[in-house]
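Topology and contacts: notes
Okay, here's what each chain looks like letter by letter:
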Amino acid sequence: MKKLLAILFVLISAGYSFAQTTKWKDDPDHSKLTFTVTHRGFSSIFGLFQKFDATVTSSKPDFSDAVFELSTDVASINTEVKMRDEHLRSPDFFNVAKYPTMTFKSTSIVNTTGMKDRFRITGDLTMRGVTKSVTMDLWYRGTVDDAIPQKTKAGFQLTGVINRVDFGVGATDPFDISTEVMIKADGEFFKTQPQN
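One structure accompanies this document, and this report is about it. (Residues numbered from 1 in each chain as written. Predicted model: local features only at pLDDT ≥ 70, side-chain atom pairs only at ≥ 80, totals over all residues. Heavy atoms only, no water.)

Here we look at the environment of G123
Relative to the helices and strands, G123 is located in strand β8 (residues 118–127). Residues G123 and S133 lie 10 residues apart in sequence; the distance between their C-alpha atoms is 5.4 Å. Beyond its immediate stretch of four places on either side in the chain, G123 contacts F104, K105, S106, T107, K132, S133 and V134. (Helix = DSSP H or I, 4+ residues; strand = E, 2+ residues; numbered from the N terminus. Contact = heavy atoms within 4.5 Å.)

Okay, here's the thing in C-alpha cells:
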C-alpha cells in the first residue's frame, strides 16, 4: 500500500509540474534582434533582423529552467544601406536563397553570478547550414501584468559575441569586417496558456 501511495504521489507531482509549464511568445512591436561588427578596425556598423519568431518555455517563475527558441528570416537583414544588405544576402555572406532561416534553441541555463535575474545561456545556433554551440548572457528584466492588452508580459535581454567565420559567413580576413559579431536581443514576451 505504501509503495502504491508513493507511486501515486510521484505521478501526481509530475502531472502538477507539467501542468504549470507555460509558454511565452514575443511581442514583435517591442522586440528587437540586433548585431554590431567593426569596419576596418575603427568604426561600428549596426544592423538588425526585422522578421523573427521567439518563444520561451518555463515551469518556474524565475525562468531558471527556461528554454528559448528563435527562428529568424535572414533575408530581413537591415543595415540601412541597400547595397550592403543585398551583398549580405548573397552567397558571399548568408546565402539566403539556400539558407533562408537562422535558428537558436537553448540547451542549458545557469545562474553563475548569484543574482536572481542574471544567467548564462547555452544553445545550438544554426546559421548558413552550420550548427554550433554558443553561450551568451541573459538578463531577466521582470514580469508585469500589462493592463492595455490584459496580458502578463516578461522582458529579457540577451547579449554575447559569436564568430561569423565559425558559420562560414563572409571572408576569414578580419580587415574589412571583424570576425567577432556582437549580438544584442531585447524582447517583451506575452504569456500564453499553460501547456497541457
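What to know about the environment of K105
Looking at the secondary structure, you find K105 in strand β7 (residues 101–110). Note: C-alpha distance between K105 and S133 (28 residues apart in sequence) is 9.6 Å. For K105, the residues in contact, after removing those within four places along its chain, are V67, F68, E69, G123 and D124.

Focus: the environment of R84
If you trace the backbone, R84 turns up in helix α2 (residues 82–89). Once you skip the residues sitting within four places of it in the chain, R84 turns out to touch I45 and T79.

What to know about the packing of aromatic side chains
According to the stated counting rule, one finds eight aromatic pairs in the structure shown. With a centroid separation of 5.6 Å and an interplanar angle of 45°, the aromatic rings of F35 and F49 are classed as tilted. With F35 in strand β2 (residues 32–39) and F49 in strand β3 (residues 43–49), the pair connects residues that are 14 residues apart, well separated along the chain. Using a relative accessible area of 6% as the deciding quantity, one classes F49 as buried. (Phe/Tyr/Trp six-rings, centres within 6.5 Å; stacked < 30°, edge-to-face > 60°. Buried < 20%, exposed > 50% of the residue type's maximum accessible area, 1.4 Å probe, protein only.)

Quick notes on the pairing of strand β4 (residues 52–58)
In terms of burial, β4 is a largely internal element, five of the seven residues being buried. Two strands pair when backbone bridges link them, and strand β1 (residues 22–26) and β4 are joined in this way by four bridges, in the antiparallel orientation. Residue pairing in the sheet places T22 in a bridge with S58 of β4. Relative to strand β5 (residues 67–73), β4 is paired through six bridges, and the arrangement is antiparallel. (Pairing = 2+ DSSP bridges.)

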